[in-house]
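The lines below spell out each chain.
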Amino acid sequence: MLGWHLETADRVDIPVSFNPGSNSMVADLQELPATIHSASWVAPTSYLGDKVSSYGGYLTYQAKSFGLPGDMVLLEKKPDVQLTGQHMSIIYEETNTPRPDRLHHGRVHVVEGNFRHASSRAPVSREELMTVLSRLADVRIQGLYFTETQRLTLSEVGLEEASDTGSGRIALAVEICACPPAYAGDSCQGCSPGYYRDHKGLYTGRCVPCNCNGHSNQCQDGSGICVNCQHNTAGEHCERCQEGYYGNAVHGSCRACPCPHTNSFATGCVVNGGDVRCSCKAGYTGTQCERCAPGYFGNPQKFGGSCQPCSCNSNGQLGSCHPLTGDCINQEPKDSSPAEECDDCDSCVMTLLNDLATMGEQLRLVKSQLQGLSASAGLLEQMRHMETQAKDLRNQLLNYRSAISNHGSKIEGLERELTDLNQEFETLQEKAQVNSRKAQTLNNNVNRATQSAKELDVKIKNVIRNVHILLKQISGTDGEGNNVPSGDFSREWAEAQRMMRELRNRNFGKHLREAEADKRESQLLLNRIRTWQKTHQGENNGLANSIRDSLNEYEAKLSDLRARLQEAAAQAKQANGLNQENERALGAIQRQVKEINSLQSDFTKYLTTADSSLLQTNIALQLMEKSQKEYEKLAASLNEARQELSDKVRELSRSAGKTSLVEEAEKHARSLQELAKQLEEIKRNASGDELVRCAVDAATAYENILNAIKAAEDAANRAASASESALQTVIKEDLPRKAKTLSSNSDKLLNEAKMTQKKLKQEVSPALNNLQQTLNIVTVQKEVIDTNLTTLRDGLHGIQRGDIDAMISSAKSMVRKANDITDEVLDGLNPIQTDVERIKDTYGRTQNEDFKKALTDADNSVNKLTNKLPDLWRKIESINQQLLPLGNISDNMDRIRELIQQARDAASKVAVPMRFNGKSGVEVRLPNDLEDLKGYTSLSLFLQRPNSRENGGTENMFVMYLGNKDASRDYIGMAVVDGQLTCVYNLGDREAELQVDQILTKSETKEAVMDRVKFQRIYQFARLNYTKGATSSKPETPGVYDMDGRNSNTLLNLDPENVVFYVGGYPPDFKLPSRLSFPPYKGCIELDDLNENVLSLYNFKKTFNLNTTEVEPCRRRKEESDKNYFEGTGYARVPTQPHAPIPTFGQTIQTTVDRGLLFFAENGDRFISLNIEDGKLMVRYKLNSELPKERGVGDAINNGRDHSIQIKIGKLQKRMWINVDVQNTIIDGEVFDFSTYYLGGIPIAIRERFNISTPAFRGCMKNLKKTSGVVRLNDTVGVTKKCSEDWKLVRSASFSRGGQLSFTDLGLPPTDHLQASFGFQTFQPSGILLDHQTWTRKLQVTLEDGYIELSTSDSGGPIFKSPQTYMDGLLHYVSVISDNSGLRLLIDDQLLRNSKRLKHISSSRQSLRLGGSNFEGCISNVFVQRLSLSPEVLDLTSNSLKRDVSLGGCSLNKPPFLMLLKGSTRFNKTKTFRINQLLQDTPVASPRSVKVWQDACSPLPKTQANHGALQFGDIPTSHLLFKLPQELLKPRSQFAVDMQTTSSRGLVFHTGTKNSFMALYLSKGRLVFALGTDGKKLRIKSKEKCNDGKWHTVVFGHDGEKGRLVVDGLRAREGSLPGNSTISIRAPVYLGSPPSGKPKSLPTNSFVGCLKNFQLDSKPLYTPSSSFGVSSCLGGPLEKGIYFSEEGGHVVLAHSVLLGPEFKLVFSIRPRSLTGILIHIGSQPGKHLCVYLEAGKVTASMDSGAGGTSTSVTPKQSLCDGQWHSVAVTIKQHILHLELDTDSSYTAGQIPFPPASTQEPLHLGGAPANLTTLRIPVWKSFFGCLRNIHVNHIPVPVTEALEVQGPVSLNGCPDQ
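What you are looking at is a predicted structure, and each value in this text was computed from that prediction instead of being measured.

**Looking at the overall build of the chain**
No. 1: Each helix and strand in the chain was counted, giving 18 helices and 98 strands.
No. 2: Put simply, the chain has 1856 residues, and 45% of those count as buried.
No. 3: Restricting the contact set of the chain to residue pairs at least 6 apart, pairs at least 24 apart contribute 70%.
No. 4: Put simply, the chain shows about 95400 Å² of open surface, and 49% of that area lies on carbon and sulfur atoms.

Rendered as structure tokens:
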């Protein structure tokens, strides 16, 4: 384990230590900063390198995170293991998360299926895994999993490797390959000696020979640099001799420099024959480094000798010493002036002196040689002539050497060319080798000639230098005085003449001729080679290209074949492994079933033993009870004779401290302590949830027993005190006989108590021991079950999807059996608990004083034990909470879908063209809203074809297909035919085709010029815009082409289950329509948008023959823009500059929507929100503790134009400026600091916290600025970096009730040739959809009771009426067509035809109106045929007037159930209501009412009520009744509902009669789905209990005789009615329990819990016909009171009151709104008492019929403080008095009351709707809680409600 270290994510080391005892690495994290959330263990080098033999083995390790489990929170999931090698990182993620403070055993199977790429999360292939293992460079194991971790340990890390000497199992997965000569290793992963790896090519590259000139067989991979050069060579390719050696390393060998001998004291040398010239190392000098340099001493010529520095230090320099002995020399040369001090000579001076001495010796030698020569004029002339000849010879030799050098370089170039030709043209190898050998020979000859010329040149230079010296000496001009003496030197002159003759006689012509011949031959050879090269170059190039193409094609085929073979082998291996694992798992499950069956019988035996032990305990307790009764009688006798027994009592008191009794008590205490330790050990080993609870219950019961004994002891103490006081009185009476008798009786009683105690100990201890053993056995068995479940879970990981259902069913069956056995054990333990409670009660009645001293110490010991129980219980609960699932499956699936959708949105914004090669293609992921594509489809894309050279002349190609997999149905497609684009679309009955008359642009792929295609379809019409060269700097004018499909259908019906979007290519099994059946596309395609949504090819589902990571995308010119398009679904988060004095934020916007959030900043409960409301800018803000405020800013800004908005905050001025264009708004107040602000929207959490309903902004933003400069949006959701040309188009509108949208000057055609089409969504049954009017005629499309009707002003009734209703909230399309064939109405392409023709009326005064009457919903994709324009979708912002209409988007409000409960809800009667009637009955608020924003209190920290959820079970028959249309009740129906309950029994759903029914009910906490018909029944039971208080999604239904139940997405079971019986639904549908008509086999009462989201066949059901005993579902704890929700409602109590001169009303309120009616008494306008809130002020208004008055109290602090406030209204002596908490107000005056008055009803939370003449300023219902109502000091029961209207809960108020 040594070498492992811990690093953070930033590669910062964390100190670790090695623990030899546990063989583990330990890291202390207590000083680690809290910001570090990631740390990994990093492996040492022993785990790295070539680990190919580890394939198929296991990487094992043990890790532990120390700390307090209650404080440790699991961090974000990170990879558990990461392997890195060959520039590739792969990761492994374990399914089981380690637990805090528990040892985690990691075991990773090193196979490709367990790993994914770290960057892309893509699966890892076998080749990629082997590539990483071949050069494993890094191994990391995740270390930090939890916060608050104190210490980490890692131990027992092992990586299995296969070897010939291994002793483990056979490594079946490790291969041994027969490698080519260049490769080595089991998998040929390495290179053989003499080869290195070239990283070019597939995977890790190929092995090529090393170029080390024969001096090494090792070289570095990648670079080829030689390693460990031998034979005294050096260099990257061992091409030169190493330091101290000379020779030719390329063609020969290297020998040690003779400097001076074999001792090489030189860095290099030059050897020419016998002439040696050395480059000496420091400290050596001489031509052969034969002596020491000045400052050094020694004898280098001696064997083993060397030069050492002198030890004579002088001024920091090397001192002078004897060159052999090293003795210091003190005599140094001095200057001529002895009086002047001299500086020390440095080493340079000494070296100069030595060199001068050497030169003097050489000059003396020359002098001696030249003595006797005469310096005559003839001699001088001869010497000059010799010098001239030598110079000429030298010049000729230099020219010759230059020519030879040029030829040598040319020959070297020729050799390289021949080498290249040899590699490329194998057929000419022999000839090239011959030429190469000839050239090599010639090169060697030239090299030798060059070397000879160099040597001759050196010699000539030496001669010339010596001659010059000689001439100077002869002429006497030698400045050093070394002149040649005069005299006879005839001998020397003769020698010189001889040498000159020898020089003249030498003939260099032969060498010159040989050199020139060699030159001519080389030139001829070069000419022949060039001629041959020119002759065969064209042929060879063609042959090379052909061979290269063939090789590429062959290599591609081999790669495909290899990939398929590997895939087949992997699948076969995986299948084999899965089969083996399935067999093992099946065998393990069977064994576990047998073990569980045997354990069941053991549990039965243990329970029987426990029952018998408890029976014996009961007998002992009965005896103790008899002893207690005798003791009570004795105490009574003592009380009668208290004076007589005083002395005896003292003796008894002393005897109570007897030693024997104390010893017995201590012995009993020790035994109890041992029992306590055993119980503590049981708790420590407990691991299961239910078993731990049983153990805690047992310990708690034991504690209760001791508490009861302690109570008995206290009672005994009190009895003893009473006895002592009584004895003080009795002692005066002389009664010794009675005392003795009583003493004897007391001794007997004491002995009996001791015997009873002993017997109790003997009886109870075995029972407790048996209970302990039972718990131990159950604990062990629970651990076995946990182990088995873990094994089973691990086995499930490798099972294929096809086997999942079977394996899950088998596993769940085993778990169910285990749970049943556990339930049986717990049920068996219940009698034990009952008996223990009986023991507690019996001991509680025991008052034997003798137990006190004997059990005191035992009580203390057990108290210590019980004090430890809460800590243990909290730890176990913490572990259980971490083991619990994070939520039910439906919630997790929703979160997963949300994350996947965010990733897809990011992929959709990759605006890069994709290159297709003629074989590839992609299937693009479509948006979720396919319904919008039905009526309107706008698709924009870019196309490019490669030029003819790249394209290969392809003119017919497939481009795209959008439609169903069955190509004979609806689709849109494009193809290139004869080089021109063709568009085809089919709406179901026929194809429409259009071909562009321009040739598709061809361009280079590296800088593609692309054409833009924009296809727009509105119903059956289409338009095509084609821009040639759109991405070039000068695009052509767009061409416009219109198409009329002549289709009888108008909608593009795409099946969400079968729709596909293929671009560029298609799968081989897909059959294209005939007009699109062409080969895949070759070129570049880029998607632009689809229905204004940005779309990218890189957001694909799958690809065909395309690897997007390898294929380089096309590049094209794009215009830079700073515009950002906000889609209306997200936001942008922008950080701010802290501590800026004047923060400034600016942006320019363009929008066409009516509502949207632009800017938002918050801190705590304060915020600033800049919104668009009704097209105008409005700022809402809360800067302090006051209520939020709002102000309008400027005029309308939703006209699609630029509007500049700037926000400036002056912190010192305590003021905020908002500038819109030229208008300025100032807001005073101290603005809070904020570090982040939002543009275009806010996250959901902030939206819910501040209760903000304004939707996200849709439009364009640019010029984004803040205090620090320009803003770059990096953290965004739903924001695109460009604005498309269609973003201003508004195709949808939301209509409030009664809203209208009118159009004028549309240029409509005559009414006999008219088409109007639109889509709509609504939940309302009635209203006007479309109204077309002229002066004399009106055509209307309306909704009546959910049916669509078409009528005209002269038809006298509806011409058409749809056969079904359309108020389900889904998008439906309507088309009205009038032509020569008559009038047609199409609803979702279902045709209603009428031969009636509309009259021809041509009028310019035609108008079109959308919405009206009671319509509330959305209308979109409006199309009206117009005279002057091509068919196009209607822009709802052009030529329009609107009222109560919001443009852009669809805000469809689902009506909650409780808003419809306006009728009576007496508990003994239900009332039916209609939606439209109820909405019309809603009272309209008075203009004097304060706005909701100003009335509302701040939102609660968390929502108390579950939105849309309803509470059932307040009364036994609470229910909702749905009278559904018969067309919705099909033979195959599926219902769905969300349920929350803690109830174990009750009816949830019922429909049918007693003989034929369908029901869903709870039984023992599990859901049961029941079907019955003609006496035959089917019951399907859920496998898990659902009464855990959490929300569960339940789906149930039938298909003929088959039934199906699904809970939280997990299939519970399917079944069939016996005898192929079928059931049909025709009766009403009930949620809850219907009042009658149920079979006796079903529960009678409704379940207690909440329901929401009730659906039939995926269609929401929001409109129940009636309600009975159903209220709002409130989350969290409740307290006593009535809760009135925000939607409005009130209660009429059955208790009536009498208003009179003496009257008092008291109640308490906790409001959530500051305006609303609290209590109203009276049913007539002229006689009432009303208490209401108005803008935070409480007012009491009284009217007795003869006159009225009112009084008010304004509280000092807001009532929105979450506290209860008391309100009291008193009428006394004709004075009206109002009191609010401690504040009071009264109004004096006569309030006349009629002599005879009647009882008046009491209304809570609102007033009757029929009191329209009531003169009060407030009509709004109360929002909040109300309780403790007293009238004339008598409590009023609120549960006896006469009528409940609206969402009111009588069960309680949410606890604050």
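There is more to say after this.
**Examining the sheet that holds strand 41 (residues 1100-1104)**
No. 1: The strand order across the open sheet formed by seven strands is 33-32-31-30-38-28-41, and the pairing between neighbours is antiparallel. The open sheet is flanked by strand 33 (991-999) and strand 41, the only strands paired with a single partner. Sheet twist, expressed as the mean angle between neighbouring strand axes with direction ignored, is 15°.
No. 2: Where strand 28 (residues 921-924) meets strand 38 (residues 1059-1063), two bridges bridge the pair, whose relative direction is antiparallel.

**Examining the pattern of salt bridges**
No. 1: Enumeration according to the criterion identifies 34 salt bridges in this entry.
No. 2: A salt bridge links K1282 to D1088; its shortest N-O distance comes to 2.4 Å. One end of the pair, K1282, is in the loop between strand 54 (1275-1280) and strand 55 (1292-1303); the other, D1088, is in strand 39 (residues 1082-1090), and 194 residues separate them in sequence.
No. 3: For K1282, a relative accessible area of 30% gives the class partly exposed.
No. 4: A salt bridge links D1202 to K1262, with the shortest nitrogen-to-oxygen separation between them at 3.1 Å.

**Brief notes about the environment of N1124**
No. 1: Here N1124 is to be found in strand 42 (residues 1124-1135).
No. 2: For N1124 and N1263, which are 139 residues apart along the polypeptide, the C-alpha to C-alpha distance reads 9.7 Å.
No. 3: Each residue touching N1124, except ones within four places of it in the same chain, is listed here: G1259, C1260, M1261, L1264, L1273, V1279, T1280, K1281 and C1283.

**Details of the confidence of the model for the chain**
No. 1: Put simply, the chain has an average pLDDT of 77, and 72% of its residues get 70 or more.
No. 2: This stretch, residues 795-804, has a pLDDT under 50; its non-local contacts, to residues over four places away or in other chains, come to eleven contacts.

**Considering the sheet that holds strand 8 (residues 88-92)**
No. 1: Pairing in this open sheet of seven strands is antiparallel, and the strands run 2-1-5-11-7-8-10 from one edge to the other. A strand with exactly one partner marks an edge of an open sheet, and here the two such strands are strand 2 (13-14) and strand 10 (116-117).
No. 2: One ladder, built from two bridges, connects strand 8 with strand 10; its direction is antiparallel. Pairing of I91 across the sheet is with R116, part of strand 10.
No. 3: Against the sheet, helix 1 (residues 126-134) touches strand 7 (81-85), strand 8, strand 10 and strand 11 (136-142), its axis set at about 110° to strand 8.

**What about a nonpolar patch on the surface?**
No. 1: A cluster of nonpolar residues, L352, L353, L356 and M359, forms a patch on the protein surface that exposes about 380 Å² of accessible area.
No. 2: Of the residues examined, M359 reaches a relative accessible area of 45% and is grouped as partly exposed.

**Looking at the state of the cysteines**
No. 1: Enumeration over the complete set of coordinates arrives at 16 disulfides.
No. 2: Here C212 pairs with C226 through a disulfide, and the sulfurs are 2.0 Å apart. Between C212 and C226 the sulfur-sulfur dihedral comes to about -105°; the bridge is accordingly left-handed. Note that C212 is positioned in the loop between strand 16 (206-209) and strand 17 (233-234) and C226 in the loop between strand 16 and strand 17, a separation of 14 residues in sequence. In this structure, C212 and C226 share a single accessibility class: buried.
No. 3: Each sulfur in the disulfide pair C259 and C278 lies 1.9 Å from the other.

**Some words on the environment of N1199**
No. 1: Locating N1199 in the fold gives a position in the loop between strand 47 (1189-1196) and strand 48 (1203-1210).
No. 2: Taking C-alpha positions, N1199 is 7.7 Å from Q1150, a pair spaced 49 residues apart along the chain.
No. 3: Looking at N1199, its side chain comes within polar contact range of the side chain of H1203, at 2.9 Å.

**Structural notes on the pairing of strand 51 (residues 1236-1239)**
No. 1: The sheet contact formed by strand 42 and strand 51 spans four bridges and is antiparallel. Along strand 51, the bridge assignment pairs A1132 with L1239.
No. 2: Bridge analysis of strand 44 (residues 1156-1163) against strand 51 gives three bridges, and the strand direction is antiparallel. In the sheet register, A1161 faces strand 51, and the bridge partner there is Y1237.

**A closer look at unusual backbone geometry**
If a residue is not glycine, its phi is most likely negative; likewise, a peptide bond is most likely trans.
No. 1: With an omega dihedral of -5°, the bond running from C259 to P260 counts as a cis peptide bond.
No. 2: Relative to the elements of secondary structure, P260 occurs in the loop between strand 20 (254-256) and strand 21 (266-272).

**Focus: the packing of aromatic side chains**
No. 1: Applying the stated rule across the entire model yields 35 aromatic pairs.
No. 2: Measuring from centroid to centroid gives 5.5 Å for F1145 and F1159, while their planes differ by 45°, and the two rings are tilted. With F1145 in strand 43 (residues 1144-1151) and F1159 in strand 44, the pair connects residues that are 14 residues apart, well separated along the chain.
No. 3: For F1145, a relative accessible area of 3% puts it in the buried group.
No. 4: We classify F1159 as buried; its relative accessible area is 2%.
No. 5: Their ring planes at 10° and their centres at 6.0 Å tell us that F1160 and F1167 sit as a pair that is stacked. Considered together, F1160 and F1167 belong to a single accessibility category, that of buried residues.
No. 6: Here a set of aromatic residues connected by ring pairs shows up, and it is made of F1522, F1535, F1549, F1569, F1596 and F1654.
No. 7: Above the ring of Y1347, the side-chain terminus of K1361 is found at 5.0 Å from the ring centroid.
No. 8: In this structure, R1827 is placed above the aromatic ring of W1764, and the distance from its NZ or CZ to the ring centre is 3.9 Å.

Parameters at a glance
Residues numbered from 1 in each chain as written. Predicted model: local features only at pLDDT ≥ 70, side-chain atom pairs only at ≥ 80, totals over all residues. Heavy atoms only, no water. Helix = DSSP H or I, 4+ residues; strand = E, 2+ residues; numbered from the N terminus. Buried < 20%, exposed > 50% of the residue type's maximum accessible area, 1.4 Å probe, protein only. Contact = heavy atoms within 4.5 Å. Areas by Shrake-Rupley, 256 points an atom, 1.4 Å probe, with all protein chains shown as cover. Pairing = 2+ DSSP bridges. Axes fitted to C-alpha atoms, helices over the stretch in contact; angles between N-to-C directions. Salt bridge = Lys/Arg side-chain N within 4 Å of Asp/Glu carboxyl O. pLDDT = per-residue confidence, 0-100. Patch = residues over 30% accessible without salt bridge, like charges linked within 9 Å, V, L, I, M, F, W, Y side chains within 5 Å. Disulfide = S-S within 2.5 Å. Polar contact = N/O pair within 3.5 Å; in protein donor to acceptor, adjacent residues only side chain to side chain. Phe/Tyr/Trp six-rings, centres within 6.5 Å; stacked < 30°, edge-to-face > 60°. Lys NZ or Arg CZ within 6 Å of the ring centre and 35° of its normal.

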